[in-house]
Amino acid sequence: MTAPKALDVQNVAKNFGGVRALTDVTLAMAPGERLVLLGPNGAGKTTLFHSISGNIIASAGRISLFGQDITQLAPDARARLGLARTFQITNLFRQLTVFQNLQLAVCGAQQVTFKFIRPMTQYVGVRERAEALLTEWNLTDVADTIVQNLSYGEQRQIEVVMALAGDPKILLLDEPTSGLSPAETHRVAAMVRALPRDMTILMIEHDMDVAFEIADRIAVMHQGRIIAEGDEAAIRGNKQVSDIYLGVE
Amino acid sequence: MARTLLFIALAAVVFVALPFVVPSYYVSLTTKILIFALFAMSLDLLIGYTGLASLGHAAFFGISAYTIGILSVKLRMSEWVAFPAGLAMAIVLGMVFALLALRARGSYLLMITLALAQVVWGVAFGWRTMTGGDDGLPGLRRPAFVSDETSFYFLVLALVAASTVVLVALIRSPFGLALQGIRESESRMQALGFNVWRHQFAAFVIAAAFAGLAGALYVYYNRFVSPDFLHVVRSAEVLIMVIIGGVGTLLGPAIGAAAIILLEDIISSQTQHWLLALGIIYVATTLFAPRGLIGLYRERFMARRKP
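Every residue gets a number counted from 1 within its own chain, in the order that chain's sequence is written. Whichever chain is written first is A, and whichever ligand is written first is 1; the rest continue in order. With the structure being a predicted model, the display of local features is reserved for residues of pLDDT at least 70 and the display and counting of side-chain atom pairs for 80 or more, all residues being used for whole-chain, interface and lining totals.

1. Some details on the overall build of chain A
Secondary structure elements are defined from DSSP: runs of H or I of at least 4 residues count as helices, runs of E of at least 2 residues count as strands, and each element is numbered from the N terminus. A tally of regular secondary structure across chain A gives nine helices and ten strands. For chain A, whose C-alpha radius of gyration is 19 Å, the value lies close to the compact-globule estimate of 18 Å for 249 residues. With respect to the three principal axes, the spread of C-alpha positions in chain A is 60 × 40 × 40 Å. Each residue is classed by its C-beta neighbour count within 10 Å, where at least 20 other C-beta atoms makes it buried, 12 or fewer makes it exposed, and intermediate counts make it partly exposed; the C-beta atoms are placed from backbone geometry. Within chain A, the proportion of its 249 residues that are buried is 44%. With C-beta atoms placed from the backbone, a contact is any residue pair whose C-beta atoms sit within 7 Å. Considering only contacts in chain A between residues 6 or more positions apart, those separated by 24 or more positions represent 65%. Here the globule rule reads 2.2 Å times residues to the power 0.38, and the radius of gyration is calculated from C-alpha atoms.

2. Quick notes on the overall build of chain B
Of regular secondary structure, chain B possesses 14 helices and two strands. Taking 307 residues into account, the globule formula puts the C-alpha radius of gyration at 19 Å, and chain B, at 19 Å, falls close to it. With respect to the principal axes defined by its C-alpha atoms, chain B has extents near 55 × 45 × 35 Å. Here chain B, with 307 residues, has 48% of them falling under the buried criterion.

3. Considering the pairing of strand S2 (residues 19–29) of chain A
All names here are of chain A. In terms of strand pairing, strand S1 (residues 7–16) meets S2 through seven bridges, oriented antiparallel. For Phe16, the partnering residue across the bridge sits in S2 and is Val19. As consecutive antiparallel partners, S1 and S2 are separated by two residues, and within that stretch Gly17 has a phi angle of approximately 60°, a positive value. When DSSP locates at least two bridges between a pair of strands, those strands are taken to pair.

4. Brief notes about the sheet that holds strand S6 (residues 83–85) of chain A
All names here are of chain A. Across the sheet, six strands lie side by side as S6-S7-S8-S3-S9-S10; this open sheet has mixed pairing. The open sheet has two edge strands with one neighbour each: S6 and strand S10 (225–230). In this sheet, neighbouring strand axes are inclined to one another by 20° on average, regardless of whether the strands run parallel or antiparallel. Pairing geometry for strand S7 (residues 170–174) and strand S8 (residues 200–204), over five bridges, is parallel. In the strand pairing of S8, Asp174 is matched with Ile204. Orientation is described by lines fitted to C-alpha atoms, with helices fitted over the stretch in contact, and by angles between N-to-C directions that extend from 0 to 180 degrees. Sheet strands touched by helix H1 (residues 45–53): strand S3 (34–38), S6, S7, S8 and strand S9 (217–222). Its angle to S7, the strand with the most contacts, is close to 150°.

5. Looking at unusual backbone geometry
Although it is not a glycine, Gln223 of chain A sits at a positive phi angle of roughly 50°. Along the chain, Gln223 of chain A falls in the loop between S9 and S10. Positioned with a positive phi, Arg223 of chain B is a non-glycine residue whose angle comes to about 60°. You can see Arg223 of chain B is positioned in the loop between helix H10 (196–222) and strand S2 (224–225).

6. A word on the interface of chain B and chain A
The interface of chain B with chain A comprises 20 residues on the first partner and 31 residues on the second. Contributions of two or more residues to the side of chain B that touches chain A are made by helix H7 (149–172), helix H8 (174–184) and helix H9 (186–191) of chain B. With seven residues, H8 of chain B is the largest single contributor of residues to the side of chain B that touches chain A. For this scheme, ten residues count as nonpolar: Ala, Val, Leu, Ile, Met, Phe, Trp, Tyr, Cys and Pro. Four count as charged, namely Asp, Glu, Lys and Arg, and the remainder, Gly too, count as polar. When its residues are assigned to classes, the side of chain B that touches chain A shows nine nonpolar, eight polar and three charged.

Pasting the structure below:
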């Protein structure tokens with residue numbers, strides 16, 4: 001093993017007061033790997049996600065990104081290292097237009113920050129990248145629409161596009177299909193599948209079909225621990241997993 | 001675009017011609033409106049653009065006024081020292097407030113900024129030897145080159161116009177868009193790689209600087225400074241100007257300032273109960289025009305043009 005792991009989570013724990021949300025979680029991802037986290041509500045998936053993205057600082061353990069220790073870093077510092085994420089509850093700039101949303105995403109990615117004087121319109125690099133994203137994801141028609149006036153499905157799609165603005169090295173997707181119709185779910189799943197193969201993707205997903213469709217490997221969480229890891233067949237054949245999660249299947 | 005330029009040209013003509021057309025009382029009243037328009041715009045940078053509600057904005061306005069008053073009246077310094085010192089004190093106080101208050105959000109931020117501003121008020125009220133306490137500091141003179149109403153008006157007009165240009169540029173810059181992003185979602189901005197705290201800190205200090213400029217102009221306008229400059233009522237008044245005019249625009253707070261000062265002028269000449277009237281105006285605005293006068297205008301007229 002010479003190349004550093006894309007993501008290396010070692011013995012991470014997180015307590016909220018007396019509640020143990022995560023217990024001794026260890027998880028590693030190779031560059032370009034696609035891992036889906038499964039688990040019932042309250043299993044700790046989102047807590048683990050927040051610990052990786054920096055919205056929560058782990059109580060114990062170590063998290064590193066491409067060999068660099070990020071356990072204590074703020075979310076924006078982790079973003080600058082090439083980590084991007086989406087949110088389970090749509091988290092966009094609701095009163096700004098689609099184009100402004102993308103402009104901000106590109107500004108973050110290109111670190112066009114603390115520029116006080118020239119107008120935004122004069123930053124050609126930002127504009128071109130934002131326009132390319134509009135074209136690539138078929139958003140040109142809604143470019144000047146205020147985000148809160150878009151349908152929920154469109155908002156979920158932009159939620160993912162925002163994270164892609166900076167061509168992240170590692171992408172965290174927190175239930176990108178939550179609340180979507182089957183047709184929309186299919187579209188988002190296709191969108192994720194079509195992402196560049198060298199992008200490392202960690203995804204929380206409740207929809208089994210989507211999970212198995214996208215994942216190279218699956219990890220199942222239960223009560224703050226990872227209880228199973230493996231490919232589709234291994235997970236489907238795991239007795240403990242079918243007991244607690246797959247239920248009737 | 002052409003409409004905006006026409007509007008600006010028209011406004012320029014009106015403001016430049018004004019002192020030659022109307023009596024000096026109204027020149028003075030317009031000077032006051034310009035000063036408070038700047039004060040309200042500076043607050044809207046925090047509230048409307050960055051999403052940080054402050055009920056202590058008068059502290060920056062007042063500390064700048066007091067610095068100038070003390071340096072000029074007590075220490076007999078020139079306005080070339082006193083005026084920049086006033087702005088510097090407002091900026092320093094802005095940094096202190098930001099460091100202490102930015103850990104809170106929403107109504108908690110309102111409470112902290114209110115408390116911090118009341119501390120400054122308490123100092124001005126209590127430190128009689130320096131600030132004159134309740135009596136304030138009378139006897140301030142305007143600089144010699146702007147001693148009459150008309151030339152002082154033009155000084156204020158020039159500085160407020162220049163400040164407005166700077167604020168407009170700021171809002172259109174990547175920094176300004178980032179502030180609006182922070183208003184909409186701090187967590188998303190962080191996830192995109194923005195250092196949210198540093199942006200908020202900068203917004204706080206810039207807002208404090210422009211509030212300080214307004215306070216500096218107002219102390220020369222008034223030739224007198226008292227603890228009223230710093231009082232929570234003044235913070236609330238400028239907040240109401242912003243809300244009545246329209247949060248999240250620059251023109252809105254300026255219009256709100258004009259509306260409040262004109263109404264105060266008219267109503268105060270009839271009755272002692274101006275604050276009662278202000279309260280009624282505020283309630284009426286939140287009920288019938290929650291997006292302020294600008295919002296009302298946009299809903300009524302812009303909606304028809306752009307279906």
